[in-house]
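Summary of structural features
Single-letter residue listing:
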Amino acid sequence: FFFTPKTAYEIASCLVGSEMCIRDRRIPVIGAPLFTVSYPELVLAQCKAGVVGSFPALNARPEEKLGEWISMMKQELLEYKEQNPDAVVAPFAVNQICHHSNNRLEHDMNVCVEHEVPIIITSLRAPKFVVDAVHSYGGAVMHDVINIRHAKKAVDEGADGLILVCAGAGGHAGTLSPFALVREVREFFDGPVALSGSISHGASVLSAQAMGADFAYVGTRFIATQEANASDGYKDMIVDSSANDIMYSSTFTGVNGNYLRPSVVNAGLDPEDLPYADKNDMNFGSSGKDMDKSKATGNNESKAWKDIWGAGQGIGNLHDVPTVKEAVDSMVEEYQDALSAMNSSARA
């Protein structure tokens, strides 16, 4: 069974044959894979709530855990669907960091092929061997990009869909406006597109569709949920912050990203005088990498992913820490309200 999706509906609707066949979706949302935050509890809650859930393969540590996680999630979702035949249950995705420092990539891809993971999200590059491996069992590859050059390269490598990471997105993010990037991508690509950047409200999901995207790619909203593997301090800081509290820096991983300024201050760093880092400092190895803070505080015990918290600019409307189901229910209601208002305006 070889399946190369051509539309967003096909990606969300039917992957991996009878094991995971979804005929509907509640709202066109993909939960972004969140490093150290997206664990099975969160992913399962997202899928059961009717949105695509995802997690980075590197979250499963040691590496033997990856196969265990995937087997458990597939079984639980299958049983949930059997017990709730009318429920909208979405598939899940695994994120692969395709960088030379990720010494687990080959192992993790072999596990994903063995278990026929429905969707693989590739980051940094979309190598042909990953695309071919996923297509061998009928899965789909979505690749995240921040500019046109990266988008065209991913399409040339055979990626089925693109995730456009625009200005304001949490974690590693680009600087382009979604109005610019979506329209330029649609000049040469008619496949599935997910849009990322400050999307935490149902009306923003509708806006993404209006611009030409098929999905909204949502991260920060799901960090501040009960099922997320994030500290209470992290969740509370999201609730207590606004867009003005987001800062953009390459210091922590070597790639520019958006982070909560208060977490940087709490880590003993001066947001206005951060150590320099560039892309050569990126490290996604299985053991991670300590950030050299010798120019800042001398605190060499801190790790960027532990002490520095990523978040997107769309945090201003997040005022609580609900369950995933409650969060998705709210987004669905907001989406429907925005759609009704837009239709009323159009009729007028």
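Each remark here, short or long, concerns the structure printed above.
What counts, and at which threshold
- Residues numbered from 1 in each chain as written.
- Predicted model: local features only at pLDDT ≥ 70, side-chain atom pairs only at ≥ 80, totals over all residues.
- Heavy atoms only, no water.
- Axes fitted to C-alpha atoms, helices over the stretch in contact; angles between N-to-C directions.
- Helix = DSSP H or I, 4+ residues; strand = E, 2+ residues; numbered from the N terminus.
- Parallel < 35°, antiparallel > 145°, perpendicular 65-115°, else oblique.
- Left-handed = near helix turned anticlockwise from the far one by under 90°.
- Contact = heavy atoms within 4.5 Å.
- Nonpolar A, V, L, I, M, F, W, Y, C, P; charged D, E, K, R; others polar.
- Buried < 20%, exposed > 50% of the residue type's maximum accessible area, 1.4 Å probe, protein only.
- Arc of directions from axis to C-beta.
- Polar contact = N/O pair within 3.5 Å; in protein donor to acceptor, adjacent residues only side chain to side chain.
- Pairing = 2+ DSSP bridges.
- Right-handed = clockwise from strand over helix to strand, strands pointing away.
- Phe/Tyr/Trp six-rings, centres within 6.5 Å; stacked < 30°, edge-to-face > 60°.

As a packed pair, helix H3 (residues 65-83) and helix H4 (residues 105-115) sit with axes 10 Å apart at the nearest point and diverge in direction by 25°. Considering their axes alone, H3 and H4 lie roughly parallel with respect to each other. The handedness of the crossing between H3 and H4 is right-handed. Counted together, Leu 66, Gly 67, Ile 70, Ser 71 and Lys 74 of H3 and Asp 108, Val 111, Cys 112 and His 115 of H4 form the full contact between these two elements. Counted by class, the contact of H3 with H4 contains four nonpolar, three polar and two charged residues.

Another aspect to go through is helix H6 (residues 148-156). For H6, every residue scored as buried is listed here: Ile 148, Ala 151 and Ala 154. Along the axis of H6, the buried residues cluster in a sector spanning 125°; they form a single face. Exposed residues pointing more than 90 degrees away from the buried face of H6 are listed as Arg 149, Lys 153 and Asp 156. As for H6, its buried residues are in contact with strand E5 (140-145), strand E6 (161-165) and helix H7 (178-185). With a side-chain oxygen lying 3.3 Å from the backbone nitrogen of Arg 149, the N-terminal cap of H6 falls on Asn 147.

It is at 11 Å that the axes of helix H2 (residues 40-48) and H3 come closest, and there the two elements cross at 30°. Classified by the interaxial angle, the pair formed by H2 and H3 is roughly parallel. The hand of the H2/H3 crossing is right-handed. Contact residues: H2 offers Pro 40, Val 43, Leu 44, Cys 47 and Lys 48, while H3 offers Trp 69, Met 72, Met 73, Glu 76, Leu 77 and Tyr 80. Among the residues making up the contact of H2 with H3, the classes are represented as nine nonpolar, no polar and two charged.

Bringing the pairing of strand E9 (residues 215-218) into the picture now. Side-chain direction in a regular strand flips from residue to residue, so the side chains alternate between the two faces of the sheet. Covered by surrounding structure in E9 are Phe 215 and Tyr 217 together with Ala 216 and Val 218, the residues of both alternating faces. Pairing geometry for strand E1 (residues 29-31) and E9, over three bridges, is parallel. Looking at E9, one finds that Ile 30 is bridged to Tyr 217. Sheet analysis places strand E8 (residues 193-196) next to E9, joined by three bridges and oriented parallel. Bridge assignment links Leu 195 to a residue of E9, and that residue is Ala 216. Read from E8 through helix H8 (residues 202-211) to E9, the crossover connection turns out right-handed.

The strand order across the open sheet formed by three strands is E7-E11-E10, and the pairing between neighbours is antiparallel. This sheet does not close on itself; its edge strands, each paired only once, are strand E7 (171-172) and strand E10 (246-249). Here two bridges tie E7 to strand E11 (residues 257-260), and the two strands are oriented antiparallel to one another. Paired with Gly 171 across the bridge in E11 is Asn 258.

It is worth spelling out the packing of aromatic side chains at this point. To describe a pair of aromatic rings, you give the distance between the ring centres and the angle between the ring planes. The final tally for this structure, using the stated rule, is four aromatic pairs. Ring centres of Tyr 39 and Trp 69 lie 5.1 Å apart, and the angle between their planes is 55°; this geometry places the pair in the tilted category. Here Tyr 39 is found in the loop between E1 and H2, whereas its partner Trp 69 is found in helix H3, with 30 residues between them in sequence. On the accessibility criterion, Tyr 39 (29% relative accessible area) is partly exposed.

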